[in-house]
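A structural walkthrough
Here is how the chains run, residue by residue.
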Amino acid sequence: TTLSIAFFSFIFKATPSLLANFFRFHGESTSSVFLAFSFHIVLLSVFCGLATLLIRLSDFRLSRNLARTRGYLLERNKSSKGLLPSPDVGYIKRFEVFRLLLKVIFSRRIRTVNELDELSDEDLRIEFSKDQRFSDKLGATTWLLLKWQILFFALAILTYACHLLL
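Here's what I pulled together on the structure shown here. (Residues numbered from 1 in each chain as written. Predicted model: local features only at pLDDT ≥ 70, side-chain atom pairs only at ≥ 80, totals over all residues. Heavy atoms only, no water.)

Looking now at the overall build of the protein. Scanning the protein from terminus to terminus reveals four helices and zero strands. Secondary structure of the protein in N-to-C order comes out as α-α-α-α. Within the protein, buried positions represent 35% of all 166 residues. The contacts in the protein between residues at least 6 apart in sequence include a share of 84% that link residues at least 24 apart. Summing over all exposed atoms, the protein offers an accessible surface of approximately 10,600 Å²; the carbon and sulfur share of this is 66%. (Helix = DSSP H or I, 4+ residues; strand = E, 2+ residues; numbered from the N terminus. Buried < 20%, exposed > 50% of the residue type's maximum accessible area, 1.4 Å probe, protein only. Contact = heavy atoms within 4.5 Å. Areas by Shrake-Rupley, 256 points an atom, 1.4 Å probe, with all protein chains shown as cover.)

So this is what it looks like as structure tokens:
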């Protein structure tokens, strides 16, 4: 994200007229079209980076809560049997990334350890399983968005290089 933002400001500083011609492609030289594409692609890279940060932070909070829930259940039951990990989530669909991002930003609430006293062992296991699946999806989404960010950043550099060469 930092490199994408730095490259974004470099493009903007190197070409002061870019803001004035932000959406104009007609009648322009090939070089300025590559510059505009580079500008838009680096914006996509910045967006992917920020989305990755939000999802990763939410996943950290949820992972911490899962570890606390395991410890709470072990202490409550006075046993060595804890909650086991769920199976791997697998492939994340493209549109599921946006749904998860919206869920992280607007609606996902994580239970506190104090609220666990109200749940029975079975309800606790069900909630734990849901949270674990959600955490697995967040982790897979993080990797997918990171790959997209790197791809967009590389494309932005390539299109900017084409702008310089033309």
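Its place among the elements puts Ser-135 in helix 4 (residues 121–165). Discounting chain neighbours no more than four positions away, the residues touching Ser-135 are Asp-59, Leu-62, Ser-63 and Leu-66.

It is worth spelling out helix 2 (residues 30–77) at this point. With 48 residues, helix 2 should cover 70 Å at 1.5 Å per step; its first-to-last C-alpha distance of 69 Å lies within 8% of that length. Directly after helix 2, the chain includes Lys-78, whose backbone phi takes a positive value near 50 degrees. (Expected span 1.5 Å × (residues − 1).)

The biggest cluster of nonpolar side chains holds 13 residues, and the ones touching the most others in it are Ile-55, Leu-62, Val-104, Phe-134, Leu-138 and Leu-145. For this core, the secondary-structure elements that each account for two or more residues are helix 2, helix 3 (94–107) and helix 4. In this structure, Phe-7, Leu-35, Ile-41 and Val-42 belong to the second largest nonpolar core, which totals seven residues. (Core = buried A, V, L, I, M, F, W, Y, C linked by side-chain atoms within 4.5 Å.)

Counted by the stated rule, this structure contains two salt bridges. Here Arg-56 ties to Asp-59 by a salt bridge, and the two come within 2.6 Å at their closest N and O atoms. Of this pair, Arg-56 and Asp-59 both sit in helix 2, three residues apart, which is roughly one turn of that helix. By relative accessible area, Arg-56 is classed as partly exposed at 29%. (Salt bridge = Lys/Arg side-chain N within 4 Å of Asp/Glu carboxyl O.)

What follows concerns empty space enclosed by the protein. Tallied over the entire structure, the rule returns one cavity of 30 Å³ or more. Roughly 50 Å³ of volume is contained in the largest cavity. Forming the walls of the largest cavity are Asn-65, Leu-66, Thr-69, Arg-111, Leu-116, Leu-124, Glu-127, Phe-128 and Asp-131. Secondary structure elements with two or more residues in the lining of the largest cavity: helix 2 and helix 4. Per-element tally for the lining of the largest cavity: the top contributor is helix 4, with four residues. Looking at the lining of the largest cavity residue by residue, the class counts come to four nonpolar, two polar and three charged. (1 Å grid on protein atoms, 1.4 Å probe; cavity = no way out; pocket = protein on both sides within 12 Å on 5 of 7 lines; lining within 4 Å. Points joined across faces, edges and corners; volume = space filled by probe spheres on them. Nonpolar A, V, L, I, M, F, W, Y, C, P; charged D, E, K, R; others polar.)

On the surface, Leu-54, Leu-102, Ile-105 and Phe-106 cluster together into a nonpolar patch covering about 420 Å² of accessible area. Looking at the nonpolar patch, the element that brings in the most residues is helix 3, giving three residues. (Patch = residues over 30% accessible without salt bridge, like charges linked within 9 Å, V, L, I, M, F, W, Y side chains within 5 Å.)

To continue, consider the environment of Phe-7. Its location among the elements puts Phe-7 in helix 1 (residues 2–14). It is 10.0 Å that separates the C-alpha atoms of Phe-7 and Tyr-160, two residues lying 153 residues apart in sequence. The contacts of Phe-7, once residues within four sequence positions are left out, are Ser-38, Val-42, Phe-153, Ala-156, Ile-157 and Tyr-160.

A separate point is the packing of helix 2 against helix 4. Put simply, helix 2 and helix 4 touch, their axes get as near as 6 Å, and they point 160 degrees apart. Between helix 2 and helix 4, the interaxial angle falls into the category roughly antiparallel. Helix-helix and strand crossings are classified by hand; for helix 2 and helix 4 the assignment is left-handed. For the contact of helix 2 with helix 4, the class distribution of residues is 26 nonpolar, 19 polar and seven charged. (Axes fitted to C-alpha atoms, helices over the stretch in contact; angles between N-to-C directions. Parallel < 35°, antiparallel > 145°, perpendicular 65-115°, else oblique. Left-handed = near helix turned anticlockwise from the far one by under 90°.)

Everything listed here is a matter of coordinates, which is why it stays silent on function.
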